[in-house]
Amino acid sequence: MSSPEKRITLAWTGASGAPYGLRLLECLLAADYHVYLLISSAARVVLATEHGLKLPSGPDAAKAALVMQLGCSPDRLEVCGKEDWFSPVASGSAAPKQMVICPCSAGTLASVAHGLSDNLLERAADVVLKERGQLLMVVRETPFSTLHLENMLKLSQMGATIMPAAPGFYHQPESIEDLVDFMVARILDHLGVEQGLVPRWGYDQRK
Ligand SMILES: Cc1cc2nc3c(=O)[nH]c(=O)nc-3n(C[C@H](O)[C@H](O)[C@H](O)COP(=O)(O)O)c2cc1C
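In the annotation of an unreviewed UniProt entry, the entry for the chain reads Flavin prenyltransferase UbiX, and the organism field reads Photobacterium gaetbulicola. In the Sequence similarities (unreviewed entry) part of its UniProt record, the chain is described as follows: "Belongs to the UbiX/PAD1 family." According to its UniProt record, the chain has this under Catalytic activity (unreviewed entry): "dimethylallyl phosphate + FMNH2 = prenylated FMNH2 + phosphate".

And the structure:
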């Protein structure tokens with residue numbers, strides 16, 4: 001297994017923004033992270049709608065499809081089932097200290113804010129919060145209701161980082177990939193993962 005500091009939990013939920021999740025996975029694997037990947041049922045629907053990628057529901061088959069799609073090594077990718085309670089991410093004694101939910105739906109936001117832990121994805125987030133680890137939530141909805149805003153405030157006060165899926169335009173994007181990379185670069189920065197996806201403000205001027 002990779003060293004503890006090179007392990008991370010990544011969750012995809014059913015908010016729009018599947019390309020963010022895919023690109024983030026690609027970058028984490030390229031940075032030699034061991035990734036525990038949790039995929040909600042709605043996330044699979046969004047992935048098929050936005051990216052044309054139909055992931056099977058079984059964890060092993062989903063992993064095989066992702067390895068084929070990304071052309072990555074299978075060694076450091078672990079896809080976990082939603083009731084795989086014996087996964088390391090389910091316990092504070094073994095879970096990685098960092099978790100990203102990207103994209104994060106309003107539904108998962110609410111479940112995590114209220115500690116439901118009704119499936120492995122919600123349980124993994126609850127574990128990171130109780131262990132005082134780093135939880136990044138890339139929430140996507142518009143507009144936000146008062147309930148969404150209250151849930152985000154509650155989680156922020158508990159130590160989670162709320163990063164709305166809201167790419168900037170000051171890096172002069174020329175493609176959708178540039179916009180995706182903007183968000184992924186900010187997430188990687190917060191995780192402390194070295195990245196060169198987007199020029200840094202005040203340093204490299206592209207034009
Ligand atoms: C194509 C598509 C796009 C969606 N986009 C969003 C979204 O941007 N934000 C959101 O909160 N829910 C969105 N939804 C609805 C969620 O998928 C739905 O509430 C689901 O129950 C969330 O479940 P999950 O949090 O377990 O993934 C979308 C659904 C589909 C099919």
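Peer 1: An account of the overall build of the chain is requested, with residue identities and associated values reported.
Peer 2: Assigned secondary structure in the chain consists of 7 helices and 6 strands. Ordered by position in the sequence, the α and β elements of the chain form the string β-α-β-α-α-β-β-α-α-β-α-β-α. Computed over C-alpha atoms, the radius of gyration of the chain comes to 16 Å, within 12% of the 17 Å expected from 2.2 N^0.38 for 207 residues, which places it in the range of a compact globule. Overall size of the chain, expressed as C-alpha extent along the three principal axes, is 50 × 40 × 35 Å. Out of the 207 residues belonging to the chain, those deemed buried represent 41%. Restricting the contact set of the chain to residue pairs at least 6 apart, pairs at least 24 apart contribute 71%.

Peer 1: Now, about the UniProt feature "binding site: dimethylallyl phosphate" (unreviewed entry) in the chain: what can you tell me, with residues and values included?
Peer 2: The feature "binding site: dimethylallyl phosphate" (unreviewed entry), as annotated in UniProt, sits at Tyr170 and Arg186 in this numbering. A maximum C-alpha distance of 13.6 Å is found for the annotated residues, which run over 17 residues; spatially they form one tight group. For Tyr170, a count of 10 C-beta atoms within 10 Å translates into the label exposed. As for its position among the elements, Arg186 is in helix α7 (residues 176-191).

Peer 1: Before we move on, could you go through unusual backbone geometry and cite the residues and values that matter?
Peer 2: Looking along the chain, the bond that leaves Cys102 and enters Pro103 is cis, with omega of -5°. Structurally, Pro103 is set in strand β4 (residues 98-104). A cis geometry characterises the amide bond from Thr142 onward to Pro143, with omega recorded as -10°. Along the chain, Pro143 falls in the loop between β5 (134-139) and α6 (146-157). Positive phi is not limited to glycine here, since Asp32 has a value of about 70°. Looking at the element boundaries, Asp32 is found in the loop between α1 (18-30) and β2 (34-39). The class for Asp32 is exposed, based on 11 C-beta atoms found within 10 Å. The backbone of Ser117 sits at a positive phi, close to 50°, despite the residue not being glycine.

Peer 1: So what's going on with the nonpolar core? Which residues, and what values?
Peer 2: With 61 residues, the main nonpolar core has Val35, Leu37, Ala124, Met137, Val138 and Ile187 as its most contacted residues. In this structure Ala124 touches Thr9, Ala11, Leu38, Val89, Ala90, Ala95 and Met99, once residues within four positions along its chain are discounted.

Rules used throughout
- Residues numbered from 1 in each chain as written.
- Predicted model: local features only at pLDDT ≥ 70, side-chain atom pairs only at ≥ 80, totals over all residues.
- UniProt positions renumbered as here; feature names shortened; annotations may be inferred.
- Helix = DSSP H or I, 4+ residues; strand = E, 2+ residues; numbered from the N terminus.
- Rg over C-alpha atoms; globule rule 2.2 N^0.38 Å.
- Buried ≥ 20, exposed ≤ 12 C-beta atoms within 10 Å, placed from the backbone.
- Contact = placed C-beta atoms within 7 Å.
- Core = buried A, V, L, I, M, F, W, Y, C linked by C-beta atoms within 7 Å.

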